[in-house]
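# Report on the structure
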Amino acid sequence: MSLTERIAHLEEEVAKATARTADEAERFRVVMLGRNGAITELFEAFKQVASEEKRVLGQRMNALKQRAQARWEEFKAGSDQAEQASAPAADLSRPALMEPAGAQHPITITRQRIIDVFARIGFTVSHGPEVEDDRHNFSALNFPPDHPARDMQDTFFVQGPGGMALRTHTSSVQVRVMENQKPPIRTISPGRVYRNEAISARAHCMFHQVEALYVDKGVSFAELKGTIDYFAKSLFGKDVSVRLRPSYFPFTEPSAEVDMSCTICSGKGCTVCKHSGWVEIMGCGMVDPAVLANCGIDPESYSGFALGMGVERVAQLIWRVPDLRMYWENDIRFLDRFAAEQTLG
Ligand code: DAH
C-alpha cells in the first residue's frame, strides 16, 4: 500500500470507529494514536516521502491525526455519560458526612472576651516583644537591682549579650506604650509570659496575662475600682462582687490584689476558691510616679492606674479547668468542648 492509500484507509477507519465504554475508547487510542499505533506509524513512514509530496500529504495526515484525537475525546465523554447513567441512583436518605467544626482555644476565647469588655470603655490593644530587655521588664518598673523577681529562679534569661530575658509579665508593655504615647492612654496588652516554674497542675512555665493601663490628668483609685467592678460584672454577671486587699508591687503605689466572689460555688466554698468563697483574679494599683517619670511622663501633671491578670485563671473561673497543663496539651477531646463557645463579639 502506498502512503496515500494508507491515509485513505485510516480516514475511513477513524470515521467508522465506535466506542461505548471507557475500555473501548482506550483501545481506539492505543490502536490509532498509541506509541505503535497506525497513525503514529504513518508519521514514521512520512520521513521517507519525497520532499515535493510532503506538503500535501503532511496536511492530510495532520488533519487525520486531529480527527482521530477529536473522536477519542468524543468516545471518552460518551463513555463517562454511559457509565454514570448505568450507576445506581444516589441514596438521598443517607446522612451527610459532617466535617467536624473547629473550635477556638479556650485561652483565645477568654482573651477575646477580656479585650471586648475593655474595648467598650475605650481601651485599645497594644503588644510588646516576648524577648525583653531588663529596662522594660524590670528597671523602668522600679524593680531594684537586687529584687528577687530578677533571680535566675524565676526568669528565663536568653543567652548572648545584653541581659535579654523572656518577659515575666506583660507590665513590660506598659513601659513601651508610655515611652511612645502621650496621655491620655487607655490600653490593654494581652500576651504570653514566662517563668521558671516546675510544671504542675497549678503552675506552668508559660502562661498568658492581660495588662491594662490608664494614664491621664486626675486618674483616681476610685476609677480603678469602678473599672474592675465593671470588668468583673461584664465577664461573670451582675451577681459577682469584688474586694481589694492592700498589697505590694514595685511599679504601683498604692497596690492591691483583687479577689472576686467564686463563680464556681457562688461564694459557698469549693476547691477552686479553697473554701474561702473568694478567688484572686488580678493585681492592680496606681502607677508609681517614679514609673511615669522613667517613661517620660510628668507625674506632677498625670496619674494612672494599672492592672494585670492571668488569662488561665479567668478561663478557669469560666470553665473550671482543673489542670493548667490541659491548656498546652491540645488534646482534641479537651478542645472540642469549646466548639460551642462564643466570644462576646
Ligand atoms: N505584673 C504583675 C504580675 O505579673 C501583675 C500586676 C500587678 C500588673 C499589679 C499590674 C499591677 O499592672 O498594677 O504578677
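The text that follows walks through the structure, step by step, so that each part is easy to find. (Residues numbered from 1 in each chain as written. Predicted model: local features only at pLDDT ≥ 70, side-chain atom pairs only at ≥ 80, totals over all residues. Heavy atoms only, no water.)

### Let's talk about the pairing of strand β4 (residues 185–194)
- Within β4, eight of the 10 residues are buried, which leaves the element mostly enclosed by the surrounding structure.
- In this sheet, β4 lies alongside strand β1 (residues 124–125) in parallel orientation, the contact comprising two bridges. In the strand pairing of β4, V125 is matched with I188.
- In this sheet, strand β5 (residues 206–216) lies alongside β4 in antiparallel orientation, the contact comprising 10 bridges. Counted as the bridge partner of G191 is Q209 from β5. (Buried < 20%, exposed > 50% of the residue type's maximum accessible area, 1.4 Å probe, protein only. Helix = DSSP H or I, 4+ residues; strand = E, 2+ residues; numbered from the N terminus. Pairing = 2+ DSSP bridges.)

### A short note on helix α2 (residues 22–33)
- Taking 1.5 Å of rise per residue, the 12 residues of α2 would be expected to cover 16 Å, and the 16 Å separating its terminal C-alpha atoms lies within 8% of that figure.
- Of all the residues in α2, the buried ones are A25, F28, M32 and L33. Along the long axis of α2, the arc covered by the buried residues comes to 80°, so they all point the same way. The exposed set on the far side of α2, more than 90 degrees from its buried face, consists of D23 and R27.
- Its buried side turned inward, α2 meets α1 (3–16), α3 (38–46) and α4 (51–86). (Expected span 1.5 Å × (residues − 1). Arc of directions from axis to C-beta. Contact = heavy atoms within 4.5 Å.)

### Focus: the packing of aromatic side chains
- One pass over the full model with this rule turns up 11 aromatic pairs.
- With a centroid separation of 6.4 Å and 65° between ring planes, the pair formed by F123 and Y214 is classed as edge-to-face. Here F123 is found in the loop between α5 (106–119) and β1, whereas its partner Y214 is found in strand β5, with 91 residues between them in sequence. Both residues of the pair, F123 and Y214, belong to the buried class. (Phe/Tyr/Trp six-rings, centres within 6.5 Å; stacked < 30°, edge-to-face > 60°.)

### A look at helix α8 (residues 221–236)
- Compared with an ideal rise of 1.5 Å per residue, which puts 16 residues at 22 Å, α8 spans 22 Å between its outermost C-alpha atoms and is within 8% of the ideal.
- Those residues of α8 that sit buried are L224, T227, I228, F231, A232, L235 and F236. In an axial view of α8, the angular spread of the buried residues amounts to 130°, which keeps them on one side of the axis.
- Taken together, the buried residues of α8 touch α5, β6 (242–249), β7 (252–261), β8 (278–287), β9 (303–310) and α10 (311–319).
- Positioned one or two residues after α8, G237 has a phi angle of 105°, which is positive.

### Some thoughts on the environment of M260
- By the secondary structure assignment, M260 is in strand β7.
- Under the relative-accessibility criterion, M260 is labelled buried at 0%.
- Not counting residues within four places of it along the chain, the set of residues in contact with M260 comprises A232, F236, V240, S241, V242, G277, W278, V279, I281 and L317.

### With respect to the packing of α5 against α10
- For the pair α5 and α10, the least separation of the axes is 9 Å and the interaxial angle reads 100°. The angle between α5 and α10 places the two elements in the roughly perpendicular class. Across from P106, I107, I109, T110, R111, R113 and I114 in α5, the residues of α10 making contact are V311, E312, V314, A315, I318 and W319.
- By residue class, the composition of the contact of α5 with α10 is nine nonpolar, one polar and three charged. (Axes fitted to C-alpha atoms, helices over the stretch in contact; angles between N-to-C directions. Parallel < 35°, antiparallel > 145°, perpendicular 65-115°, else oblique. Nonpolar A, V, L, I, M, F, W, Y, C, P; charged D, E, K, R; others polar.)

### Quick look at the site of the ligand
- Of all residues adjacent to the ligand, which total 15 residues, the nearest are H169, S171, R195, Q209 and E211.
- A distance of 3.0 Å separates an oxygen atom of the ligand from a polar side-chain atom of Q209.
- One of the backbone nitrogen or oxygen atoms of A306 is found 3.1 Å away from an oxygen atom of the ligand.
- In isolation the ligand exposes 350 Å². Once the protein is present, 89% of that is buried.
- Those elements that provide at least two residues to the shell around the ligand are α7 (171–180), β5, β8 and β9.
- Per-class residue counts for the shell around the ligand are five nonpolar, eight polar and two charged. (Near = heavy atom within 4 Å. Polar contact = N/O pair within 3.5 Å; in protein donor to acceptor, adjacent residues only side chain to side chain. Areas by Shrake-Rupley, 256 points an atom, 1.4 Å probe, with all protein chains shown as cover.)

### Some words on the sheet that holds β4
- The mixed open sheet is built from seven strands, whose spatial order is β1-β4-β5-β9-β8-β7-β6. Every other strand in the sheet has two partners, leaving β1 and β6 as the edge strands with one partner each.
- The strands touched by α5 within the sheet are β1, β4, β5 and β9, with β4 carrying the most contacts at an inclination of about 165°.
- Sheet strands touched by α10: β5, β7, β8 and β9. Its angle to β9, the strand with the most contacts, is close to 60°.

All quantities given are derived from atomic positions and should not be read as evidence of function.
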